[in-house]
Structures are given as structure tokens and as C-alpha cells.
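Coordinate inspection notes
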Amino acid sequence: MRADSERWDARYRERDPDRVDCPDPLLVAHRGLLDGHGRALDVACGAGANLVELARRGYEAFGLDGSIEGLRLARRAADRAGVSVSLAAVDLDRFALPRGWFQVVTVFRYLSRGLVPALRDAVAPGGVLVYRTFNVRHLARRSGFAPHFVLQPGELRRWLEGWETIAVDDEAEPAGYDSWIVARRLRDR
Ligand SMILES: C[S@@+](CC[C@H](N)C(=O)[O-])C[C@H]1O[C@@H](n2cnc3c(N)ncnc32)[C@H](O)[C@@H]1O
């Protein structure tokens, strides 16, 4: 993780700190689901555009990332937007997410299959998981991208079997370079 966080730090350091990123269109398209009550977590939040969007919706917003430089940008983005966020530098390969704690969990452009059970558990019953990252088509346009960091067709649906699927694009022949799902954890009966 250490080498990887240094690589990410270097990338974030190269960025214009005043660059304003837009939240992911998937999150924007599902604003209607985001009632702003409770806690939201953005996993691997990087420079924080999606985290800031969650805070804007009214959530108590938490961002986790391994890159201190990414988190610095996230802090700056939150200050600029006038919202409050809580940030922590963690290695997601080792960090224990609290169970059933978040009404919304989002993950954009990050894939760690080992984390998936903990992500599912972190969502409170009735809460929502939004996950979007690169799929197999991405390998054709980015030679050198590690194949285990892309989603296989149908993978997102398999992860969230037993959840209510609100929207999904996870097809065998994807149109785009990423796949995504928006799904709700069912309430305990
Ligand atoms: C492609 S960026 C995505 C950032 C943000 N989600 C976005 O969409 O703009 C991937 C992020 O994952 C973080 N990351 C990668 N491996 C990590 C790990 N093991 N623990 C914590 N963060 C990690 C990097 O620091 C980086 O900010």
C-alpha cells in the first residue's frame, strides 16, 4: 500500500489545487435517492468531488483514502463548497469499516474485491450502495492497466445478490468503459 499511496500522492501533487471537479454523473442522476439523512461514506474518495456532493445533499459525510495529498485536495474542495466532511487516511486493505453504519456508501474508480463483504456490511439496512469503476473494455484502451482492477460482466450484480437493484449497467457486452450499480440493502425482516 505504501508504494501505491506515494504514487497517488505524486499524481495529486501535480494537480492544480484550485481545479474544481464535478461529481460523478451517476451520483447526480440519483440525487432523488439521497435524502441527506444520516451518514454517507465515500470510499477511496481521492480529491473529494463525490464526497462534497454527499455533504451538499445534507449527509454527515466521511471520506477515506490512502493518499494524504488526495485528502488535502478533498479538504480544500469541501472548504470551497462550504460543507463539512470528515476525512481519514487509511489503507483500505487493512481498515475495518463499521458495520451497518452508513445510509449511503459510494465507490468510484476503485476496486478491491477483498473489501466487498465489508462494503456490503457497512451499509445500514435500507441504505444504498453506489459503485462504479472500470470494466474489461477499459483494458483495450489502457494497455498496462492491471486486469484484476477491472470488473467482469455481471460481477456487480453477483456482489449484491439479495439487494434491491435500483439501476445497473453491468452487461456482458458493455457499451462504455465502466460498469456501475445502484442498489439498496433490504431491511431485516
Ligand atoms: C482512481 S482514484 C479515484 C478517486 C475518486 N474515487 C474519484 O473517482 O475521483 C483511486 C483512489 O484510490 C485510492 N487508493 C488506492 N488504493 C488504496 C488503498 N489500499 N487504501 C486507500 N486508498 C487507496 C488512491 O489514493 C486514489 O485516491
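Figured I'd write up the structure that's included with this text.

Scoring rules and cut-offs
Residues numbered from 1 in each chain as written. Predicted model: local features only at pLDDT ≥ 70, side-chain atom pairs only at ≥ 80, totals over all residues. Heavy atoms only, no water. Helix = DSSP H or I, 4+ residues; strand = E, 2+ residues; numbered from the N terminus. Buried < 20%, exposed > 50% of the residue type's maximum accessible area, 1.4 Å probe, protein only. Contact = heavy atoms within 4.5 Å. Areas by Shrake-Rupley, 256 points an atom, 1.4 Å probe, with all protein chains shown as cover. Salt bridge = Lys/Arg side-chain N within 4 Å of Asp/Glu carboxyl O. Core = buried A, V, L, I, M, F, W, Y, C linked by side-chain atoms within 4.5 Å. Right-handed = clockwise from strand over helix to strand, strands pointing away. Pairing = 2+ DSSP bridges.

1. Quick look at the overall build of the chain
- When helices and strands are counted, the chain shows 7 helices and 7 strands.
- Traced from its N-terminal end to its C-terminal end, the chain shows the element sequence α-α-β-α-β-α-β-β-α-β-α-α-β-β.
- Each of the 189 residues in the chain was classed as buried or not, and the buried ones make up 47%.
- Within the chain, counting contacts between residues at least 6 apart in sequence, those at least 24 apart form 59% of the total.
- About 9,900 Å² of surface is accessible on the chain, with carbon and sulfur atoms providing 48% of the total.

2. Description of the pattern of salt bridges
- If you walk through the whole model with that rule in mind, you get 17 salt bridges.
- Between Arg15 and Asp21 there is a salt bridge, with its nearest N and O atoms 3.1 Å apart.
- Using a relative accessible area of 18% as the deciding quantity, one classes Arg15 as buried.
- Here Glu155 ties to Arg113 by a salt bridge, and the two come within 2.5 Å at their closest N and O atoms. Pair noted here: Glu155 is in helix 7 (residues 155-159) and Arg113 is in the loop between strand 4 (102-108) and helix 5 (116-122), with a separation of 42 residues, a long-range link.
- Residue classification places Glu155 among the buried residues on the basis of a relative accessible area of 7%.

3. Some words on the nonpolar core
- In terms of nonpolar packing, the biggest core is built from 25 residues, with Val43, Val105, Leu119, Tyr131 and Trp159 touching the most fellow members.
- Listing elements by their share of this core, those giving two or more residues are strand 1 (39-43), strand 4, helix 5, strand 5 (123-134), helix 7 and strand 7 (178-184).
- In contact with Trp159, not counting residues within four places along its chain, are Leu111, Arg113, Val116, Arg120, Tyr131 and Leu151.
- If you look at the next biggest cluster of nonpolar residues, it comprises 23 residues, including Leu26, Ala40, Ala61 and Trp180.

4. Some words on the pairing of strand 5
- Extensive coverage of strand 5 is indicated by the burial of 11 of its 12 residues.
- Of the crossover connections in this fold, the one passing from strand 4 over helix 5 to the parallel strand 5 is right-handed.
- By the bridge criterion, 7 bridges tie strand 5 to strand 7 in an arrangement that is antiparallel. What sits directly across from Arg132, in strand 7, is Trp180.

By themselves, these figures tell us nothing about what the structure is for.
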